[in-house]
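This is what each chain is made of:
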Amino acid sequence: NTYIYPPEPSMRIIGDIIEYTAKNMPKFNSISISGYHMQEAGANQALELAFTLADGKEYVKTAIAKGMDVDDFAGRLSFFWAIGMNFYLEVAKMRAARLLWCRIMKGFNAKKPKSLMLRTHCQTSGWSLTEQDPYNNVVRTTIEAMAAVFGGTQSLHTNSFDEAIALPTEFSSRIARNTQLIIQEETHITNVIDPWAGSYMMEKLTQDMADAAWAIIEEVEGMGGMTKAVDSGWAKLKIEAAAAQKQARIDSGKDVIVGVNKYKLAKEDLIEARDIDNVAVRDGQIARLQVIKQKRDTAQVKQALAAIEVAAESGTGNLLDLSIKAVRERATVGEISDAMEKAFGRHRADTQKVTGVYAAAYDSAEGWDQLKKEIADFATAQGRRPRVMISKLGQDGHDRGAKVVATAFADLGFDVDMGPLFQTPEECARQAIENDVHAVGVSTLAAGHKTLVPAIIAELKKQGADDIVVFVGGVIPRQDYDMLYEAGVKGIYGPGTPIPASAKDVLEQIKMALKA
């Protein structure tokens, strides 16, 4: 969900970036072809591998279509993987990736050895971090970092242990940094290239991973390539189905998460969490932009932005070249983005949900049928099913949790509406009222809860709908809970909360609101 424009014009931008950097910045890594956000959204290792390589293939096709020779740019393409807690599969994924990328590039008649190489950055998983017993996350990050190193990463980002609670502190960041420094400097692990080579288990796993990913890549090619697969919504639904299945396995106890669904602490101690004043950050940025705009030549900026708009509309010129010229005139990133949006429009992801996947993986667990009955009884008594809207407010594009909650609630018998990404509180309130929902669930993972959640409550009240229950899920420090409850929030569900437990609580809150 880091997109702005639809897939086709986005590919135009990528082609222009590759063309410009190959000509003017030959030692610059033009594109980081990322699978990280896919695994964080729920993709398993095979899906992440396949979709990322299919993206890379599409980028190469786009550059060649601009008249470029593959060997002039392929050596500067780089990749970016997520590394989760399935240790062996992550090592196998990275080994399979090099094998398959070489096969793909030979298909483009690449000749230089560097064009056949897959160079990659890795980042340990953010999704695997837990709010409960958070010091366990130091161990998780270490294991994931070792998998990345054994898999042959060129560079590494290690997450901080407190990122399921808030943005990292200086203390937690230092531990994260030192985790990889210790692996690099003390263990001698980095002295050996591909240390798992020759292991029967790892070689078999690598081949199985390569075969599974290649089958998905061929399926994507059959649709006309990754641009078409993304545009149709198919790729997103595949990822969301995998996410729902994984969450159901955790919530039902089939997959163990230490400190969350097994070996839980009797009492959780508060840890120091970083506090961000969102209003001050926003006001400070606006003030800096105003200073820049006062000092620049407005006519020159307008001319540079007009050139971008014309190029985007006509298909001529190089958009990166024109953007650099606009930046030198002190145009802002927002203004440059807006100039292209006038021609390209904005991509709106399909909000359709996967159905039945969560229930299939969970429904043998205790309490599922009883909760379904309670929801059915509510529908009988009220003449309609409990209706909730799951929303993402502000600039937070992390929607794995929101989509999984929507899927699970629907499988239980709720009527569920999904708000589009990047809604304002006003838009969210309007949609909730128009759809006549009983409750709005706000998913927040980007530290915006202290401003956006009170704003949606105030907006519902302003529009005469303060009977709508508001509940919140995501990354929220416990020290902020009281402030949110005082603002009018009826339920807060942090990472690790079993979805049926949150659904039961939301149902009870809706019943109480109706009685009131």
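> It is not clear to me how the pattern of salt bridges should be interpreted in this structure. Could you clarify?
One side chain can pair with another of opposite charge once the charged atoms of both are near each other. Here the structure, examined in full by the defined rule, presents 33 salt bridges. Across the pair Asp255 and Lys246 runs a salt bridge, and its minimum N-O distance is 2.9 Å. Accessibility expressed as a relative area gives 29% for Lys246, which makes it partly exposed. Note that Glu335 and Lys293 form a salt bridge whose closest N and O atoms lie 3.9 Å from each other. Of this pair, Glu335 sits in helix α15 (residues 333–344) while Lys293 sits in helix α12 (residues 278–295), placing them 42 residues apart in sequence. Overall, the relative accessible area of 38% leaves Lys293 in the partly exposed class.

> I would appreciate a short explanation of a nonpolar patch on the surface in the present structure.
On the surface, Met85, Val139 and Ile143 cluster together to form a nonpolar patch covering roughly 230 Å² of accessible area. Structurally, Met85 is set in the loop between β2 (78–83) and α5 (87–107).

> Explain helix α14 (residues 319–328) to me, please; I cannot follow it from the model alone.
Side chains of residues three or four places apart in an α-helix project in the same direction, reflecting 3.6 residues per turn. Within the sequence span of α14, burial applies to Leu319, Leu322, Ser323 and Ala326. Angular distribution of buried residues about the axis of α14 spans 100°; they occupy a single face of the element. On the buried face of α14, the contacting elements are α1 (7–24), α13 (298–314) and α15. For α14, the capping residue at the N-terminal end is Asn318, with a side-chain oxygen 3.0 Å from the backbone nitrogen of Leu320. Directly beyond the C-terminal end of α14, a positive phi value near 75° is found at Arg330.

> What is the right way to read helix α9 (residues 200–223) from this model?
With 24 residues, α9 extends 35 Å from end C-alpha to end C-alpha; this agrees with the ideal 34 Å at 1.5 Å per step. Taken together, the buried positions of α9 are occupied by Met202, Thr206, Met209, Ala210, Ala213, Trp214, Ile216, Ile217 and Val220. Its buried side turned inward, α9 meets α3 (45–65), α5, α10 (226–231) and α11 (234–251). Positive backbone phi, approximately 110°, marks Gly224, located one or two places after α9.

> What am I meant to see in the packing of helix α7 (residues 136–151) against helix α8 (residues 170–185) here?
Relative orientation and spacing of two packed helices are given, respectively, by the angle between their axes and the distance between those axes. α8 packs onto α7 with a crossing angle of 40° between their chain directions and a minimal axis gap of 10 Å. The pairing of α7 with α8 is recorded here as oblique in orientation. The chirality of how α7 crosses α8 is right-handed. Contact residues: α7 offers Val138, Thr142, Ala145, Met146 and Val149, while α8 offers Ile175, Thr179 and Ile183. Across the contact of α7 with α8, the residue classes break down as six nonpolar, two polar and no charged.

> Got a minute to help me understand the nonpolar core in this structure?
Grouped burial of nonpolar side chains is what soluble globular proteins tend to show. Formed by 63 residues in total, the largest nonpolar core has its most connected members in Ile18, Leu49, Phe51, Leu53, Trp81, Trp101 and Met105. Among the nonpolar cores identified, the runner-up in size contains 31 residues, and Ala243, Ala406, Val469 and Tyr493 belong to it.

> It is not clear to me how the side chain of Thr130 should be interpreted in this structure. Could you clarify?
Residue placement: Thr130 occurs in the loop between β3 (120–124) and α7. Under the relative-accessibility criterion, Thr130 is labelled buried at 5%. A distance of 2.8 Å separates the side chain of Thr130 from the backbone oxygen of Gln132, its partner in a polar contact. Reaching out from Thr130, the side chain makes a polar contact with the side chain of Arg140 at a distance of 3.2 Å. Here Thr130 is in contact with Asn137, Arg140, Ala164, Ile257 and Val260, once residues within four sequence places are set aside.

> Just checking my understanding: could you explain the sheet that holds strand β1 (residues 32–34) for this structure?
The strands that make up a sheet are held in pairs by hydrogen bonds between backbone atoms, and each pair lies either parallel or antiparallel. Taking strand neighbours across the sheet as the criterion, the four strands line up as β1-β2-β3-β4 in an open arrangement whose pairing is parallel. Among the strands making up the open sheet, the edge pair consists of β1 and β4 (155–157). This sheet shows a mean twist of 25° between the axes of neighbouring strands, independent of strand direction. Summarising the sheet, β2 and β3 pair through five bridges and their orientation is parallel. Following the sheet pairing, Trp81 is matched in β3 by Cys122. Against the sheet, α3 engages β1 and β2, with an angle of about 165° to β2.

> In this structure, what is going on with the packing of aromatic side chains? I would like to understand it.
The geometry of an aromatic ring pair is captured by the separation of the ring centres together with the interplanar angle, meaning the angle of the planes. Across all of its chains, the model carries 18 aromatic pairs by this definition. Their ring planes at 75° and their centres at 5.5 Å tell us that Tyr5 and Phe344 sit as a pair that is edge-to-face. Of this pair, Tyr5 sits in the segment before α1 while Phe344 sits in helix α15; the two residues are 339 residues apart in sequence, bridging distant segments of the chain. Here the aromatic residues Phe87, Tyr88, Phe150 and Trp196 are joined through ring pairs into a cluster of three or more. Positioned over the ring face of Trp214 is Arg103, at 4.5 Å from the centre of the ring. Sitting above the plane of the Trp127 ring, Arg400 keeps its charged end 3.7 Å from the centroid.

> When you look at the domain arrangement of the chain in this model, what are you seeing that I'm missing?
One widely used convention gives an interface's size as the accessible area the parts lose upon coming together. Assigned domains of the chain: these are domain 1 (25–232), domain 2 (278–344) and domain 3 (357–514). Computed from C-alpha atoms alone, the centre-to-centre distance between domain 2 and domain 3 is 37 Å.

Conventions and cut-offs
Residues numbered from 1 in each chain as written. Predicted model: local features only at pLDDT ≥ 70, side-chain atom pairs only at ≥ 80, totals over all residues. Heavy atoms only, no water. Salt bridge = Lys/Arg side-chain N within 4 Å of Asp/Glu carboxyl O. Buried < 20%, exposed > 50% of the residue type's maximum accessible area, 1.4 Å probe, protein only. Helix = DSSP H or I, 4+ residues; strand = E, 2+ residues; numbered from the N terminus. Patch = residues over 30% accessible without salt bridge, like charges linked within 9 Å, V, L, I, M, F, W, Y side chains within 5 Å. Areas by Shrake-Rupley, 256 points an atom, 1.4 Å probe, with all protein chains shown as cover. Arc of directions from axis to C-beta. Contact = heavy atoms within 4.5 Å. Polar contact = N/O pair within 3.5 Å; in protein donor to acceptor, adjacent residues only side chain to side chain. Expected span 1.5 Å × (residues − 1). Axes fitted to C-alpha atoms, helices over the stretch in contact; angles between N-to-C directions. Parallel < 35°, antiparallel > 145°, perpendicular 65-115°, else oblique. Left-handed = near helix turned anticlockwise from the far one by under 90°. Nonpolar A, V, L, I, M, F, W, Y, C, P; charged D, E, K, R; others polar. Core = buried A, V, L, I, M, F, W, Y, C linked by side-chain atoms within 4.5 Å. Pairing = 2+ DSSP bridges. Phe/Tyr/Trp six-rings, centres within 6.5 Å; stacked < 30°, edge-to-face > 60°. Lys NZ or Arg CZ within 6 Å of the ring centre and 35° of its normal. Domains from an automatic or database assignment.

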